[in-house]
Amino acid sequence: KAGVTQTPRYLIKTRGQQVTLSCSPISGHRSVSWYQQTPGQGLQFLFEYFSETQRNKGNFPGRFSGRQFSNSRSEMNVSTLELGDSALYLCASSSRDKDTQYFGPGTRLTVL
Amino acid sequence: GQNIDQPTEMTATEGAIVQINCTYQTSGFNGLFWYQQHAGEAPTFLSYNVLDGLEEKGRFSSFLSRSKGYSYLLLKELQMKDSASYLCAVSVSGGYNKLIFGAGTRLAVHP
């Protein structure tokens, strides 16, 4: 089975721009979670989607949003980028609740 | 509140055994995960504990005590490739698939 894939792998943006990141889960997995990883804060939960519904949201501003499509693929969007948004954005998929989450390779976002 | 503590850094010698501790205080508990993350790569799943006791998987074992809010990851017969960060994560009640992560323990294995 193919693993979780994320595109693009690297992105460079400037402050004020917006960005969309994509995640394709493992085939058959319906839950997709997004995390932000920075050296200072570690891995922090952004939100989780299951069957196109956001079930959970972390403590991030409204500039961070996401969605999930009927094929379980998910996108996250960050609007009005700030320097502090520079991070590795990871998505993870799982087959059911409380099950193991498998991570994709991440998208490295740099905001200049 | 949610709090997960683990040591920041550890060093060990090739062939030795190392134990990485994790203590947690979370609002509810559905299980504890350990992930390994090499620099610049994604976290990879190592182990999962939901009941008290020891889970063994090859060179890696993980222990959980729910009453003490404590877990450890035991790595045996250390190899150079085990140099990585080890992340402790708790699945919290009502959080569906939300994981709360510790800051990670950076392990350096020396020859």
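*Asks:* With reference to specific residues and values, describe the sheet that holds strand β8 (residues 70–75) of chain B.
*Replies:* As a general point, the strands of a sheet are linked pairwise by backbone hydrogen bonds and lie either parallel or antiparallel. All names here are of chain B. Spatial strand order, β1-β3-β8-β7-β6: 5 strands in an open sheet with antiparallel pairing. Looking along the sheet, the strands with just one partner apiece sit at the ends: β1 (3–5) and β6 (53–57). Neighbour to neighbour, the strand axes of the sheet diverge by 15° on average, direction disregarded. Both β6 and strand β7 (residues 60–65) contribute to a ladder of 5 bridges, which runs antiparallel. Within β7, the residue paired with L54 across the bridge is F63.

*Asks:* Please provide a residue-by-residue account of the pattern of salt bridges, values included.
*Replies:* A side chain of one charge can pair with a side chain of the opposite charge when the charged atoms of the two come close. Residues and elements named next belong to chain A. For the coordinates displayed, the defined rule picks out 8 salt bridges over all chains. Put simply, E82 and R63 hold a salt bridge, and the shortest N to O gap is 3.6 Å. Here R63 lies in the loop between β6 (53–57) and β7 (64–68) and E82 lies in the loop between β8 (74–78) and β9 (87–94), a separation of 19 residues in the sequence. E75 is paired through a salt bridge with R67; the nearest N and O atoms lie 3.3 Å apart. E75 sits in the buried class, given a relative accessible area of 16%. Within the structure, one salt-bridge network assembled from shared partners comprises R63, E82 and D85.

*Asks:* So what's going on with the sheet that holds strand β3 (residues 19–24) of chain A? Residues and values would help.
*Replies:* Residue and element names in this part refer to chain A. Pairing within the open sheet is antiparallel, and its 4 strands lie in the order β1-β3-β8-β7. In this open sheet, the two strands that pair with only one neighbour each are β1 (5–7) and β7. In this sheet, neighbouring strand axes are inclined to one another by 20° on average, regardless of whether the strands run parallel or antiparallel. With 5 bridges joining them, β7 and β8 adopt antiparallel strand pairing. In the strand pairing of β8, R67 is matched with E75.

*Asks:* Lay out the layout of surface pockets in plain terms, naming residues and giving numbers.
*Replies:* Roughly 500 Å³ of volume is contained in the largest pocket. Residue lining of the largest pocket: 21 residues in total, with Q37 and P39 of chain A together with Q37, S85 and R106 of chain B positioned closest to the centre. By residue number, the principal contributor to the lining of the largest pocket is strand β9 (residues 84–91) of chain B, which donates 3 residues. Among the residues forming the lining of the largest pocket, the class breakdown is 7 nonpolar, 11 polar and 3 charged. Estimates place the volume of the second largest pocket at around 430 Å³. Forming the boundary of the second largest pocket are 20 residues, of which Q41, L43 and Q44 of chain A together with I100 and F101 of chain B lie nearest the centre. Secondary-structure elements contributing two or more residues to the lining of the second largest pocket are β5 (42–50) of chain A together with β1 and β10 (99–101) of chain B. Per-element tally for the lining of the second largest pocket: the top contributor is β5 of chain A, with 4 residues. Taken together, the residues of the lining of the second largest pocket break down into 8 nonpolar, 9 polar and 3 charged.

Thresholds applied
Residues numbered from 1 in each chain as written. Chains lettered and ligands numbered in written order. Predicted model: local features only at pLDDT ≥ 70, side-chain atom pairs only at ≥ 80, totals over all residues. Heavy atoms only, no water. Pairing = 2+ DSSP bridges. Helix = DSSP H or I, 4+ residues; strand = E, 2+ residues; numbered from the N terminus. Axes fitted to C-alpha atoms, helices over the stretch in contact; angles between N-to-C directions. Salt bridge = Lys/Arg side-chain N within 4 Å of Asp/Glu carboxyl O. Buried < 20%, exposed > 50% of the residue type's maximum accessible area, 1.4 Å probe, protein only. 1 Å grid on protein atoms, 1.4 Å probe; cavity = no way out; pocket = protein on both sides within 12 Å on 5 of 7 lines; lining within 4 Å. Points joined across faces, edges and corners; volume = space filled by probe spheres on them. Nonpolar A, V, L, I, M, F, W, Y, C, P; charged D, E, K, R; others polar.

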